[in-house]
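# Fold and contact review
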Amino acid sequence: MPARIYKQPKAAGQSGLAGTREWVFEYGQTAPRHQDPLMGWTGSQDTQSQLRLYFASCEDAVAYAQREQIGYEVEAPVQRIRKPKVYADNFRFDRIQNWTH
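Predicted, not measured: the structure shown is a model, and the values here were computed from it. (Residues numbered from 1 in each chain as written. Predicted model: local features only at pLDDT ≥ 70, side-chain atom pairs only at ≥ 80, totals over all residues. Heavy atoms only, no water.)

So, about the packing of aromatic side chains. Scanning all chains against the criterion turns up 5 aromatic pairs. Between Phe25 and Tyr64 the ring centres are 5.3 Å apart and the planes differ by 85 degrees, which places this aromatic pair in the edge-to-face class. Note that Phe25 is positioned in strand 2 (residues 23–26) and Tyr64 in helix 1 (residues 58–67), a separation of 39 residues in sequence. Their ring planes at 40 degrees and their centres at 5.6 Å tell us that Phe55 and Tyr64 sit as a pair that is tilted. Note on Phe55: relative accessible area 16%, which makes it buried. Of the aromatic side chains, those joined through ring pairs into one cluster are Phe25, Tyr27, Phe55 and Tyr64. Over the ring of Tyr6 we find Arg4, and its NZ or CZ is 4.0 Å from the ring centre. (Phe/Tyr/Trp six-rings, centres within 6.5 Å; stacked < 30°, edge-to-face > 60°. Helix = DSSP H or I, 4+ residues; strand = E, 2+ residues; numbered from the N terminus. Buried < 20%, exposed > 50% of the residue type's maximum accessible area, 1.4 Å probe, protein only. Lys NZ or Arg CZ within 6 Å of the ring centre and 35° of its normal.)

Here the protein averages 87 in pLDDT, while 97% of its residues score no lower than 70. Mean pLDDT across the secondary structure elements of the protein bottoms out at strand 4 (residues 42–43), with 84, and peaks at helix 1, with 96. (pLDDT = per-residue confidence, 0-100.)

Position of Val62 relative to the elements: it lies in helix 1. The exposure class of Val62 is buried, given its relative accessible area of 15%. Measuring from C-alpha to C-alpha, the distance between Val62 and Arg92 comes to 51 Å, with 30 residues separating the pair along the chain. Residue contacts for Val62: discarding those within four places in its chain leaves Ile5, Tyr72 and Val74. (Contact = heavy atoms within 4.5 Å.)

Moving on: the sheet that holds strand 6 (residues 72–74). Pairing within the open sheet is mixed, and its 4 strands lie in the order 5-2-1-6. Of all strands in the sheet, those bounded by a partner on one side alone are strand 5 (52–55) and strand 6. Neighbouring strand axes in the sheet, compared pairwise and without regard to direction, differ in orientation by 20 degrees on average. The sheet contact formed by strand 2 and strand 5 spans 4 bridges and is antiparallel. Looking at the pairing, Trp23 lines up with Phe55 of strand 5. Against the sheet, helix 1 contacts strand 1 (3–7), strand 2, strand 5 and strand 6, and its axis sits at roughly 165 degrees relative to strand 6. (Pairing = 2+ DSSP bridges. Axes fitted to C-alpha atoms, helices over the stretch in contact; angles between N-to-C directions.)

Now the structure itself:
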C-alpha cells in the first residue's frame, strides 16, 4: 500500500488552527492487522505503519518519498468555507429568529 501525504484538518471541537500547517507522511500498511486473543488489542508486525513524519511543505514530503523510493499518494487539503459573522447582527430589527432575552 502506498504512503499517504496529507495536511491535517482542523479539529472539529477546536476553533484554532494549531497543528494544521504541517504536512504528514504516513507509511502504508504492509502487513495485515490481527487481534490479540487475550487482551483484544489490535496489532501488526508492521512497525512502519505506526510512524508519522511531519514536513513543512508538500514538496519536502514528496522529495523524501522519491529519495527513499517509496510509493505515495498526495491528498489535497479541503478548502475551508468561512462564514463571516457580525455581532451586531444579533440586534437587527429584521432578524428572523425571536429575541431570547
